[in-house]
Amino acid sequence: MTMSERETIPSSERASISSQTAGPSLFENGLLRCINPATQETITKLNISTEQEIREKTDSLKEAQEEWGALPPRARAKILKKARKHLVERMDEVMEVIIDETGKTEFDGIIEILTTAEIMRFVSSAGPRALASEKRSMGLIMKTKRGSVQYLAFGIVGVISPWNYPLILAASPVVQALMGGNGVLLKPSEYTPLSALKMKEVFDEGGLPSGLLQVVIGGGDVGEAVVSSPDTDLICFIGSVKVGKQIGIACAEQMKPVILELGGKDPLIVLADANIERAARAAVWGGFHNAGQTCISVERVYVEEPVADQFIERVSQLARETEVGAQRSVCDLGSMTTDPQAAKVLAQISDARKRGANIVVGGRELPHSEGHFIQPTVVVDVDETMEIMNRETFGPVIAISKVKDADEAVAKSNSLTYGLNASIFTQDLKKARRLSRHIQAGSICINDVESNYLCVSLPFGGTGSSGRGRLQGIEGIRAFAQVQAVCEDRFGLKRELWWFPVSDGIKKLFRTLIKVLYG
Ligand code: NAD
């Protein structure tokens, strides 16, 4: 990013797209204010992208993509590998930017780099094979044909990303789209544009062909412009259910393909025979890391009655030992990244308290802090009518509900429309695997929590209102490619049997064939 991009006030002719999604203080006179949420200090100001700028960027993307899409997947993978190595060389500098604009702890910053590097490694190593043309069997009757499937670039992929993992959730779709031979127009969250600009700088300097990745800056209306642009051929959106639905509808109207990776309200089920120490530690880490601002964080726990008190006791003890604060290198949790998100979490806690829930640990913000540091919070005596049990919280809060058996736990897990991740803790693996088939979720962890995201050969995504489409795994790499079937004639005969004119003899032959082959 150049200084001029950072600080210049756009001229009055540059009709910047006004913004709708963030608080008014983020947007001023065509500029986006980048804030450190832990200190509330302004880091810098960026020009908000105009419609003209978006058009200019898609024009240059088209040129760059033409050459890139013509490269064999292996050559593209080699360049992505170089970009990954460059990211690792510059990881401290990248982490600094991420931590400053999110309020994360140092370790949560390290996780951003580790996860991104592992996704990039997988994409560049599995990509060439996932995208190679495949021969297909021609079945019983089309022996005179040769058939294959090829995976082609869409052209320009519009990626719209959220603020909670500003590097991972921008890099993952970007790298998979690039592997597929596409150019990318990235619109990062208005809360975390600097991480995306830094990623672009590092990838460009790491050898990505110039112009192939473009970043536009702004709020929801800039995102809308990316979706409605006639130049974007596929949209990959990572964010809330509410916005995901709007984008799904907008894409349907344009017949534009879309991948939607949306919110969740992930359950963790603890059965009576579980290793309680492991389950409690998993719940605490899964609920609180990154200040709970993780789409697959543990939000609701269903624990079988015989072990419920023991489990709640251990979770509460561990939660009290978990430290939240501004000292990024020693604390376990940093600040909330956005003011509206902090307000939403506190409102859900207060709603639960009013409706009779018991807040056994935490429940408040740290006093005398510039940012919003919410205490790790454990809530019990909850019921399904409370927002804390039926809406995404996206904060450091674990709500624990006692259930009589596994069937009740599964029924309650499935009682919402979300379906992103779920976890089951039990020593009985057979039972866990059987139950997993009855839980509505894109991914299930058994005796584990969230690890599936770092098992990058596994596809990741949701069911129901948590979205559609997959990232990562071979499925994710192929999601950014158009599937084209190719059917070739092998022998070049004068005609096929079914071409006009069709004689009585041919009809008779076909009747016999049907009986012999399929009867
Ligand atoms: P959000 O939906 O408010 O915003 C996401 C992005 O969409 C931002 O870049 C925003 O500017 C843009 N946007 C907003 N309105 C738009 C519109 N009308 N058209 C186009 N773009 C628009 O979400 P958020 O608050 O940034 O992120 C938090 C949410 O994301 C949570 O619900 C979380 O669960 C979800 N999430 C999901 C995943 C996943 O992989 N499933 C990962 C991370 C976060």
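Since this is a predicted model, take the numbers as computed values, not measurements.

Rules and cut-offs
- Residues numbered from 1 in each chain as written.
- Predicted model: local features only at pLDDT ≥ 70, side-chain atom pairs only at ≥ 80, totals over all residues.
- Heavy atoms only, no water.
- 1 Å grid on protein atoms, 1.4 Å probe; cavity = no way out; pocket = protein on both sides within 12 Å on 5 of 7 lines; lining within 4 Å.
- Points joined across faces, edges and corners; volume = space filled by probe spheres on them.
- Helix = DSSP H or I, 4+ residues; strand = E, 2+ residues; numbered from the N terminus.
- Domains from an automatic or database assignment.
- Near = heavy atom within 4 Å.
- Polar contact = N/O pair within 3.5 Å; in protein donor to acceptor, adjacent residues only side chain to side chain.
- Areas by Shrake-Rupley, 256 points an atom, 1.4 Å probe, with all protein chains shown as cover.
- Sits in = over half its atoms within 2 Å of the grid points.
- Nonpolar A, V, L, I, M, F, W, Y, C, P; charged D, E, K, R; others polar.
- Contact = heavy atoms within 4.5 Å.
- Phe/Tyr/Trp six-rings, centres within 6.5 Å; stacked < 30°, edge-to-face > 60°.
- Buried < 20%, exposed > 50% of the residue type's maximum accessible area, 1.4 Å probe, protein only.
- Lys NZ or Arg CZ within 6 Å of the ring centre and 35° of its normal.
- Expected span 1.5 Å × (residues − 1).
- Bend = angle between axes of the 7 residues up to and from the residue.
- Buried area = accessible area lost by both parts, 1.4 Å probe.
- Salt bridge = Lys/Arg side-chain N within 4 Å of Asp/Glu carboxyl O.
- Pairing = 2+ DSSP bridges.

> Is there a simple way to explain the layout of surface pockets in this structure?
Leftover empty space is mapped by rolling, across the atoms, a probe with the size of a water molecule. Taken as a whole, the largest pocket encloses approximately 1,200 Å³ of empty space. In this structure, the largest pocket is lined by 44 residues; those nearest its centre are Trp163, Phe237, Gly239, Ser240 and Val243. Counting only elements with at least two residues in the lining of the largest pocket, the list comes to α8 (220–228), β9 (234–238), α9 (241–254) and α12 (339–354). By residue number, the principal contributor to the lining of the largest pocket is α9, which donates 6 residues. No fewer than three residues from each of domain 1 (24–262 + 473–478) and domain 2 (266–455) sit in the lining of the largest pocket.

> I tried to follow the site of the ligand on my own but got confused; where do I start?
Every one of the 30 residues lining the ligand counts as a neighbour, but Lys187, Glu190, Ser240, Leu262 and Glu392 are closest to it. Serine 161 is positioned such that a nitrogen or oxygen atom in its backbone is 2.8 Å from an oxygen atom of the ligand. Glutamate 190 has a polar side-chain atom sitting 2.6 Å from an oxygen atom of the ligand. Expressed as a share of its isolated accessible area of 850 Å², the protein-covered part of the ligand is 93%. Put simply, the ligand lies in the largest pocket. Secondary-structure elements contributing two or more residues to the shell around the ligand are α8, β9 and α9. Here the residues of the shell around the ligand are counted per class, giving 14 nonpolar, 11 polar and 5 charged. Each of two domains, domain 1 (24–262 + 473–478) and domain 2 (266–455), supplies a minimum of three residues to the shell around the ligand.

> Explain the environment of alanine 308 here, please?
Looking at the secondary structure, you find alanine 308 in helix α11 (residues 305–321). Sequence-wise, alanine 308 and valine 403 are 95 residues apart; in three dimensions their C-alpha atoms are separated by 8.6 Å. Leaving out residues up to four positions away in the same chain, alanine 308 has contacts with Val303 and Lys402.

> Honestly, empty space enclosed by the protein in this entry has me stumped. Any pointers?
Using the criterion set out here, one finds 2 cavities of 30 Å³ or more in the structure. A volume near 50 Å³ is recorded for the largest cavity. As for the largest cavity, its lining consists of 14 residues, and the residues nearest its centre are Pro267, Tyr418, Gly419, Asn421 and Gln440. Of all elements in the fold, only β11 (266–270) and β16 (421–425) reach the threshold of two or more residues within the lining of the largest cavity. Here the residues of the lining of the largest cavity sort into 6 nonpolar, 5 polar and 3 charged. Size it by volume and the second largest cavity reaches roughly 30 Å³. For the second largest cavity, the full set of lining residues is Asp266, Pro267, Ile296, Val298, Asn421, Ala422, Ser423, Val449 and Glu450. Of all elements in the fold, only β11 and β16 reach the threshold of two or more residues within the lining of the second largest cavity. It is β16 that provides the largest number of residues to the lining of the second largest cavity, a total of 3 residues. Split into classes, the residues belonging to the lining of the second largest cavity amount to 5 nonpolar, 2 polar and 2 charged.

> So what exactly am I meant to see when it comes to the packing of aromatic side chains here?
Any aromatic ring pair is given by two values, namely how distant the centres are and how the planes are angled relative to each other. Counted by the stated rule, this structure contains 2 aromatic pairs. Between tryptophan 163 and phenylalanine 394, the ring centres sit 5.5 Å apart and the planes meet at 75°, which makes this aromatic pair edge-to-face. In this pair, tryptophan 163 sits in the loop between β6 (156–160) and α6 (168–179) while phenylalanine 394 sits in the loop between α13 (387–390) and β15 (397–403), placing the two residues 231 residues apart along the sequence. Like tryptophan 163, the residue phenylalanine 394 is buried in the burial classification. A ring pair is formed by tyrosine 453 and phenylalanine 460, whose centres lie 4.8 Å apart and whose planes are at 85°; its orientation type is edge-to-face. This pair shows no difference in class: tyrosine 453 is buried, exactly as phenylalanine 460 is. Sitting over the face of the ring of tyrosine 165, lysine 104 holds its NZ or CZ atom 4.1 Å from the ring centroid.

> Would you explain helix α2 (residues 51–70) in this entry?
Each full turn of the α-helix corresponds to 3.6 residues, which orients residues three or four apart in the same direction. In a regular helix each residue adds 1.5 Å, so 20 residues correspond to 28 Å; α2 covers 29 Å between its end C-alpha atoms and thus fits that length. Of all bends in α2, the biggest is about 30°, found at alanine 64. Every buried residue belonging to α2 is among Glu53, Ile54, Lys57, Thr58, Leu61, Ala64, Gln65 and Trp68, and all of these are buried.

> I tried to follow the domain arrangement of the protein on my own but got confused; where do I start?
When the parts come together, some accessible area is lost, and that loss is often what is quoted as the size of the interface. Each domain of the protein was delimited in the assignment, giving domain 1 (24–262 + 473–478) and domain 2 (266–455). The straight-line distance from the C-alpha centre of domain 1 to that of domain 2 is 30 Å. Across the contact, 27 residues belong to domain 1 and 27 residues belong to domain 2. Buried surface at the junction of domain 1 and domain 2, both sides included, amounts to about 2,100 Å², of which 54% is carbon and sulfur. The largest share of the area that domain 1 buries against domain 2 comes from Thr105, Trp163 and Tyr165, three residues that together contribute 24% of it. Arginine 328 is the salt-bridge partner of aspartate 100, the closest N and O atoms lying 2.8 Å from each other. Applying the counting rule to domain 1 against domain 2 returns 11 residue pairs in polar contact (both at pLDDT 80 or more). For the side of domain 1 that touches domain 2, the elements supplying multiple residues, two or more each, are α4 (91–102), α5 (106–131) and α6. With 6 residues, α5 is the largest single contributor of residues to the side of domain 1 that touches domain 2.

> Whenever I open this one, the pairing of strand β14 (residues 377–380) confuses me. Can you help?
Strand residues, when the strand is regular, have side chains that alternate between the two faces of the sheet. Neither face of β14 is left uncovered, since the one carrying Thr377 and Val379 and the one carrying Val378 and Val380 both have all their residues buried. Bridge analysis of strand β13 (residues 358–361) against β14 gives 3 bridges, and the strand direction is antiparallel. Looking at β14, one finds that valine 361 is bridged to valine 378. Pairing of β14 with β15, which is carried by 3 bridges, proceeds in the parallel orientation. Residue pairing across strands places valine 378 opposite isoleucine 398, the latter belonging to β15.

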